[in-house]
Amino acid sequence: MKDSAAIASGRLSPSEYQHNFDEVRPPLDRLQAAVDSSRCLFCYDAPCVEACPTGIDIPSFIRKISTGNLKGAAIDILSENIMGGMCARVCPTEILCEQSCVRKAGEGKPVRIGLLQRHATDWLLGNDIQSFQRAPATGKRVAVVGGGPAGLSCAHRLAMLGHSITVFEARPKLAGLNEYGIAAYKTPHQFAQREVDFILGIGGIDVSIGQALGRDITLERVRRDYDAVFLGIGLTGTKDLGVAGEDLSGVEDAVAYIERLRQAADLSKLPIGRSIVVIGGGNTAVDIAVQAKRLGAEDVTMAYRRGPDAMSATSHEQEFAQVNGVRIKYWSRPVRLTGSDRHVTAAEFEYTQLDSMGRLTGTGETFTLAADQVFKAIGQMLVPDPIVSGAQQVLEMQDGKIAVDGDRKSSLPNVWAGGDCITGVDLTVQAVQDGKVAAHAIDRYLRLT
Ligand SMILES: Cc1cc2nc3c(=O)[nH]c(=O)nc-3n(C[C@H](O)[C@H](O)[C@H](O)COP(=O)(O)OP(=O)(O)OC[C@H]3O[C@@H](n4cnc5c(N)ncnc54)[C@H](O)[C@@H]3O)c2cc1C
Ligand code: SF4
């Protein structure tokens, strides 16, 4: 019989929960912001601007911070990226803007662009300033399906351009994975909802909560009832491991567990195992591993089938996991999960290697890790049912996602798409950019019709 205490809640004291889920990267104070902004060289053709997927004019906003003009700095940021506040907290800056900072090449230490961005945007949101106005109404109506970063970015830009928007959202709250997925210690204090309030504050955006495409509404209907449609439905399916024992209790989808964690009113009520195995090598794997440790798990191992360089979690994130006591086993692929009384007790792995053709193969050598809980974190996938069921014209797909062109236009005449549901990099900042690019393309289309 499985020891029932192996998965238990209340492993820590209230102060330990508080400490473990407090903000991991505190904001800059005024003096720190002044010092950091003074390090910017205000490069002409700044490489950091190229490296930011939303193309924020970084030298311009940093110069404004250095002269005390926080409002101007925030407007520079939010004009290109309406979720500049969230992105300042969650962007992997080490592979984006800060990676290409000239100070990094020269001194090994980039200007802390993300933290400066947060300094300015927090000031604006904290002072309740609505910095964007709507253009005169165009009389055109756009349906945005999915209220995550892609959908909200698209909705906000279209509202600015004078169109009327309805956001259809399946879940009880807006913000997508900003609310339900991002690690709790990156964005505490209900920041995702404060940002949503700011975005909706522009006006012209109606929200229809609890309305799921494919269940309550159809693509045919929104295409007929609105002048244009934007799909920002993210990825709601989880990839299976495809090994024996996957159906044992204690084997869980990492994203679903993180959602429970993010919505928990009291973390001490959330049960967690003593020995945890996480299978995967991306953001989600790092996030579930670190949060399991911070919930009081004793032993957490992440297993990834290739080496550190192939992991989609950056080296910074891998190091963060290790500093938090997570062990990472590279070159290991799951073979089977075993259990007793229908509950998982162990995960068996085979060591892997690359053959002479560069293909991943098993070595035949195996090892076993004890596990009360196994989290699957090998990737999310698009569930196509909502967009294909009952449709007369079917959307073209590419690599299991919605196919789009450079304007984020799909194969259907009045449908655009962006964010995780199209092929590309799955990051918040990229979803915001997709929504913005699509909004401008939709605007051009609406002005011609
Ligand atoms: C655990 C985890 C941690 C992450 N951490 C980071 C990070 O630290 N930094 C980073 O940059 N990125 C991170 N990401 C990636 C980032 O969260 C996504 O790239 C981003 O949220 C994509 O935005 P989106 O709007 O495309 O999709 P989502 O955020 O998934 O939003 C899609 C929205 O559509 C709604 N929806 C879905 N189906 C329907 C339907 N049929 N009808 C109506 N509404 C629907 C959903 O409820 C949701 O609100 C993380 C992802 C995960 C899973
Ligand atoms: S949005 Fe992200 S990548 Fe762009 S400047 Fe800000 S922190 Fe850097």
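Note that the structure is a prediction, hence the values are computed from the model and not measured.

## Brief notes about the nonpolar core
Now for step 1: Judged by nonpolar contacts, the single largest core of 60 residues is most densely connected at I58, F61, I165 and I442.
Now for step 2: Per-element accounting of this core gives the leading share, 7 residues, to helix α17 (residues 428-448).
Now for step 3: If we ignore the near neighbours within four places in the chain, the residues touching I165 are V142, V144, A155, L158, A159, G204, I205 and D206.
Now for step 4: Counting 33 residues, the second-largest nonpolar core is a separate cluster that includes L267, V278, I288 and A313.

## Comments concerning the site of ligand 2
Now for step 1: By nearness alone, every residue bordering ligand 2 is listed as C52, I56, I58, N81, C87, C91, T93, L96, C97, Q117 and V429.
Now for step 2: Of the residues belonging to the shell around ligand 2, the class tally is 8 nonpolar, 3 polar and no charged.

## Regarding the packing of helix α5 (residues 70-80) against helix α8 (residues 113-126)
Each packed pair of helices is defined by two parameters, the angle between the axes and the distance between the axes.
Now for step 1: The interhelical angle for the contact between α5 and α8, taken along N-to-C directions, is 105°, at an axis separation of 8 Å. In terms of orientation, α5 and α8 fall into the roughly perpendicular class. Residue-level contacts link L70, K71, A73, A74, I77 and L78 of α5 to Q117, H119, A120, T121, W123 and L124 of α8.
Now for step 2: Within the contact of α5 with α8, the residues separate by chemical class into 8 nonpolar, 3 polar and 1 charged.

## Quick notes on the layout of surface pockets
Now for step 1: For the second largest pocket, the calculated volume is near 570 Å³.
Now for step 2: Residue lining of the second largest pocket: 21 residues in total, with F21, P188, H189, A264 and L267 positioned closest to the centre.
Now for step 3: Those elements giving two or more residues to the lining of the second largest pocket turn out to be α1 (14-20), α11 (191-200) and α13 (254-263).
Now for step 4: Counting residues per element, the lining of the second largest pocket draws most heavily on α13, which supplies 3 residues.
Now for step 5: Of the residues assigned to the lining of the second largest pocket, the class counts are 10 nonpolar, 6 polar and 5 charged.

## Things to note about the sheet that holds strand β15 (residues 373-376)
Now for step 1: If you walk across this open sheet you meet the 5 strands as β7-β15-β9-β10-β11, and the pairing is parallel. Among the strands making up the open sheet, the edge pair consists of β7 (251-253) and β11 (326-329). Shown here is a sheet whose adjacent strand axes are inclined to one another by a mean of 25°, direction ignored.
Now for step 2: Here strand β9 (residues 275-279) pairs with β15 via 4 bridges, running parallel. Note that in β15 the partner of I276 across the bridge is Q373.
Now for step 3: Along the sheet, helix α14 (residues 283-294) makes contact with β9, β10 (299-303), β11 and β15, crossing β10 at roughly 175°.

Rules and cut-offs
Residues numbered from 1 in each chain as written. Chains lettered and ligands numbered in written order. Predicted model: local features only at pLDDT ≥ 70, side-chain atom pairs only at ≥ 80, totals over all residues. Heavy atoms only, no water. Core = buried A, V, L, I, M, F, W, Y, C linked by side-chain atoms within 4.5 Å. Buried < 20%, exposed > 50% of the residue type's maximum accessible area, 1.4 Å probe, protein only. Helix = DSSP H or I, 4+ residues; strand = E, 2+ residues; numbered from the N terminus. Contact = heavy atoms within 4.5 Å. Near = heavy atom within 4 Å. Nonpolar A, V, L, I, M, F, W, Y, C, P; charged D, E, K, R; others polar. Axes fitted to C-alpha atoms, helices over the stretch in contact; angles between N-to-C directions. Parallel < 35°, antiparallel > 145°, perpendicular 65-115°, else oblique. 1 Å grid on protein atoms, 1.4 Å probe; cavity = no way out; pocket = protein on both sides within 12 Å on 5 of 7 lines; lining within 4 Å. Points joined across faces, edges and corners; volume = space filled by probe spheres on them. Pairing = 2+ DSSP bridges.

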